Amino acid sequence: SDYGKNYNFRFVTLDLTLLQANVVSDPQTPYSGFNVEVVTIPEVTAVSVRFSVVNNPSFQKIEVNLTDTGSNPNGKRIWAMGNAIVPYRSNVRFKLFYVIGGKRYKDDNGGRYFLAPQPAVSPLLGYGKKPHHTV
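Residues numbered from 1 in each chain as written. Predicted model: local features only at pLDDT ≥ 70, side-chain atom pairs only at ≥ 80, totals over all residues. Heavy atoms only, no water.

Draft legend 1. Representation of the nonpolar core in the model. Within the largest apolar cluster, 26 residues are counted, with the highest numbers of intra-cluster contacts made by Phe 34, Val 36, Val 49, Phe 51 and Phe 94. Residue assignment for this core shows that the elements contributing at least two residues are strand E1 (16–25), strand E2 (31–40), strand E3 (44–53), strand E6 (77–87), strand E7 (92–100) and strand E9 (114–116). Aside from chain neighbours lying at most four places away, what touches Phe 51 is Phe 34, Phe 59, Gln 60, Lys 61, Ile 62, Val 64, Ala 84, Val 86, Val 92, Arg 93 and Phe 94. (Core = buried A, V, L, I, M, F, W, Y, C linked by side-chain atoms within 4.5 Å. Buried < 20%, exposed > 50% of the residue type's maximum accessible area, 1.4 Å probe, protein only. Helix = DSSP H or I, 4+ residues; strand = E, 2+ residues; numbered from the N terminus. Contact = heavy atoms within 4.5 Å.)

Draft legend 2. Layout of the packing of aromatic side chains. Enumeration over the complete set of coordinates arrives at five aromatic pairs. Chaining the aromatic ring pairs together yields one cluster made of Phe 34, Phe 51, Phe 59, Phe 94 and Phe 114. The ring of Tyr 113 has Arg 93 sitting right over it, with the charged end atom 3.6 Å from the ring centre. Between the NZ or CZ atom of Arg 104 and the centre of the ring of Phe 97, over which it lies, the distance is 3.9 Å. (Phe/Tyr/Trp six-rings, centres within 6.5 Å; stacked < 30°, edge-to-face > 60°. Lys NZ or Arg CZ within 6 Å of the ring centre and 35° of its normal.)

Draft legend 3. Summary view of the pattern of salt bridges. Counted by the stated rule, this structure contains four salt bridges. In this structure, Glu 63 and Arg 50 form a salt bridge, with 3.0 Å as the shortest nitrogen-oxygen distance. Here Arg 50 lies in strand E3 and Glu 63 lies in strand E4 (residues 62–65), a separation of 13 residues in the sequence. Taking the relative accessible area as the measure of exposure, Arg 50 reaches 28% and is therefore partly exposed. Residues Arg 104 and Glu 63 are paired through a salt bridge, measuring 2.3 Å at the closest nitrogen-oxygen approach. Residue Arg 104 is located in strand E8 (residues 103–107), and its partner Glu 63 is located in strand E4; the two are separated by 41 residues in the primary sequence. Three or more residues are tied together by salt bridges with common partners; here these are Arg 50, Glu 63 and Arg 104. (Salt bridge = Lys/Arg side-chain N within 4 Å of Asp/Glu carboxyl O.)

Shown next, in the form of structure tokens:
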């Protein structure tokens, strides 16, 4: 408490997990689709994603609510946003918001934000998605 103000802290990694985030591009169209899917604990009552397009600064930041698509066999809830229209071959930077008990919390990947599509692994920087190898 700070002079009567109460603070609530959550362990984001226990509340919410990003299942996937993709940018789907069709060369036949001048745009792409950005989609996100997350799984949460049952107590979460709302999830949204705020995103911007890194490689197109004129694209305004947008916040979109995800849809509760039901529970998985473990009782966790699955939330999804299908294909928000973004410029062709966009690189999207985003963070997630969720509500528990009427309070809003944020997951911004530890201040690094999330990216879609995920960049390849950088041997110098040591982050990004590892390339898929077929054996």
